[in-house]
Amino acid sequence: MINDRTELQRALQHAVEQRTCPTDKILISGSTEAESHLKSCRACREWQENISADLKALKNDLSTLKQLYSLPTGKEPAPGQVWSVNKRVGGWGARHQHYNPPFVLILQELPRKELFVAQIYSDDLLMGGDDLWLGEEIGFAEPWNRYPLSKVDLDQLLAEVDGARTAAVASNDRPYPGMEYDSPLWHFRQIEKEIGEAISIRSSEQRGFQFAEFFLSEFGKIRDNLKSRIKGWRWPEDAVTALPFLLGARPELMPLLASQGGDHLDATILAISSPEEPELTRRSCLITRWNVDDDGLLVCGRLPDDVCRPIALHAAWGGTPPLPADEALFDRESGAFKVRFHGVIENVTTLEPLRLVIVTHG
């Protein structure tokens, strides 16, 4: 029993490292996120202390091999296929962790070019009674960890699974069977669910929108959390819902980088990679054109280049209370946005009253 428990603990530690430790390249980049991760991760500190002097040469060799042996897919994504997920939906998340995209089994095609998938893990030591083994080269599918994923975020076709096993994963809706709380298997599933949730929200536009909508509905929690954690900001005292609160929030000292004036406008960025640790920052948006016509004020521009995974754009125009935008649209790929206020028809000479909040995931 002791040996079994020890083996499970080792398997769990390996799972944590596999899912939440950055690649070697990211770890040695010297970025703020990498340094924060190193402080909190003993495994990565030990790796750094024992790093080989010829690591660069080794990594070049591995990169060459990957290019030589990567297989073309030649197939459209379909149920029963196992795919890797593109690294663009990974990245830094809560608690200085780096979310590494998993392998997934496609279960069903959904509208809007999305898929319903089950997450896959390789080590059978962490396999539960409700998991389904897919083969030595693949691992096991997690019926309790299923979620939507955008087709464009699939990377490489790895294998195909027969219809019976795919259907078994798709139809299993049971909760965790007889799992001991705080056991290694219980902790493993918390990690897997967190990774799956983050990957899905970053990939699926609909999931991201629902996540942001739910988050913004809990005004009391947002207000108390941000006011206690984010220092150096002025908060509107008369706001009774989340959006006016965020639209009216301002740093006491505006960052010089963001305040460029002219064809730029400051925007507040709300990053909610974790509901427990939302972050507020300021960035400068490029304004490409603006004018007042018969339909009101129209403002077009581009989201900041360093804002990744935008979920929603909200806008308001001056006043007490501020006037919400009738339209606030953006393109996730290009970053182009358009804001329209039908009620603003007077002679506008400056965009200073315009307030923008960009909601992102991570």
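Refer to the structure printed above.
In this text the structure is predicted, and so the values were computed from the model without any measurement.

Q: Looking at this structure, how should I read helix α8 (residues 205-217)?
A: For the α-helix, the turn length of 3.6 residues means that residues three or four positions removed from each other point alike. A rise of 1.5 Å per residue sets the reference length of α8, with its 13 residues, at 18 Å; its end C-alpha atoms lie 18 Å apart and thus fit the reference within 8%. Among the residues of α8, Arg-207, Gly-208, Phe-211, Ala-212, Phe-215 and Leu-216 are the ones counted as buried. Down the axis of α8, the buried set is contained in an arc of 160°. They therefore lie on one face. Relative to its buried face, α8 has exposed residues pointing more than 90 degrees away, namely Phe-214 and Ser-217. Here α8 starts with a cap whose side-chain oxygen sits 3.1 Å from the backbone nitrogen of Arg-207, and that cap is Ser-204.

Q: How should the environment of Arg-95 be read in this particular structure?
A: Tracing the sequence through the fold places Arg-95 in the loop between β2 (91-92) and β3 (98-99). It is 9.9 Å that separates the C-alpha atoms of Arg-95 and Thr-20, two residues lying 75 residues apart in sequence. Aside from chain neighbours lying at most four places away, what touches Arg-95 is Glu-194 and Glu-277. Among the polar contacts listed, one links the side chain of Arg-95 to the side chain of Glu-194, at a separation of 2.8 Å.

Q: What's the story with the sheet that holds strand β4 (residues 103-110) in this structure? I'm lost.
A: Strands pair in a sheet through their backbones, by hydrogen bonds, and they do so in one of two ways: parallel or antiparallel. On the basis of which strands lie adjacent, the open sheet formed by six strands has the order β6-β7-β5-β4-β1-β8 and antiparallel pairing. At either end of the open sheet lies a strand with only one pairing partner, and these are β6 (132-135) and β8 (154-160). The average undirected angle you get between the axes of adjacent strands in this sheet is 50°. As paired strands, β4 and strand β5 (residues 114-121) are joined by seven bridges and run antiparallel to one another. Each bridged residue has a counterpart across the sheet, and for Ile-106 the counterpart in β5 is Val-117.

Q: In this structure, what is going on with the pairing of strand β14 (residues 310-317)? I would like to understand it.
A: Every other side chain in a regular strand lies on the same face of the sheet, so the side chains alternate between the two faces. With seven of its eight residues buried, β14 lies for the most part within the structure. Examined bridge by bridge, β14 and strand β18 (residues 354-360) share seven bridges and lie antiparallel to one another. Each residue of the ladder has a partner; that of Ala-315, found in β18, is Leu-356. Pairing of β14 with strand β15 (residues 323-324) involves two bridges; the strand directions are antiparallel. Counted as the bridge partner of Ala-316 is Pro-324 from β15.

Q: Where do I start with the packing of aromatic side chains in this structure?
A: The geometry of two aromatic rings is summed up by the distance between their centres and the angle between their planes. With the rule as written, the count across this model stands at eight aromatic pairs. The interplanar angle of 20° and the centroid separation of 5.9 Å between the aromatic rings of Trp-233 and Trp-235 together place this pair among those described as stacked. We classify Trp-233 as buried; its relative accessible area is 11%. Looking at Trp-235, the relative accessible area reads 14%, which means it is buried.

Q: Just to check I follow, could you spell out the nonpolar core for this structure?
A: Formed by 27 residues in total, the largest nonpolar core has its most connected members in Val-104, Val-117, Leu-149, Leu-154 and Phe-188. Of all the secondary-structure elements, those providing two or more residues to this core are α1 (2-20), β1 (81-85), β4, β5, β7 (139-150), β8 and α7 (184-203). Among the elements that line this core, the one with the most residues is α7, at six residues. Ignoring any residue separated from it by four or fewer positions in sequence, one finds Phe-188 in contact with Leu-12, Ala-15, Tyr-121, Leu-126, Phe-140, Glu-142 and Trp-144. Residues Ile-230, Trp-233, Phe-245 and Ala-249 belong to the second largest nonpolar core, which totals 25 residues.

Q: What's the story with helix α9 (residues 219-229) in this structure? I'm lost.
A: Among the residues of α9, those classed as buried are Phe-219, Ile-222, Asn-225 and Leu-226. Projected down its long axis, α9 carries its buried residues within an arc of 140°, all on one side. Those residues of α9 hidden inside the fold are in contact with α8, α10 (242-248) and β12 (279-293).

Reading the values: the criteria
- Residues numbered from 1 in each chain as written.
- Predicted model: local features only at pLDDT ≥ 70, side-chain atom pairs only at ≥ 80, totals over all residues.
- Heavy atoms only, no water.
- Helix = DSSP H or I, 4+ residues; strand = E, 2+ residues; numbered from the N terminus.
- Expected span 1.5 Å × (residues − 1).
- Buried < 20%, exposed > 50% of the residue type's maximum accessible area, 1.4 Å probe, protein only.
- Arc of directions from axis to C-beta.
- Polar contact = N/O pair within 3.5 Å; in protein donor to acceptor, adjacent residues only side chain to side chain.
- Contact = heavy atoms within 4.5 Å.
- Pairing = 2+ DSSP bridges.
- Axes fitted to C-alpha atoms, helices over the stretch in contact; angles between N-to-C directions.
- Phe/Tyr/Trp six-rings, centres within 6.5 Å; stacked < 30°, edge-to-face > 60°.
- Core = buried A, V, L, I, M, F, W, Y, C linked by side-chain atoms within 4.5 Å.

Treat this as a map of the structure, not an account of what it does.
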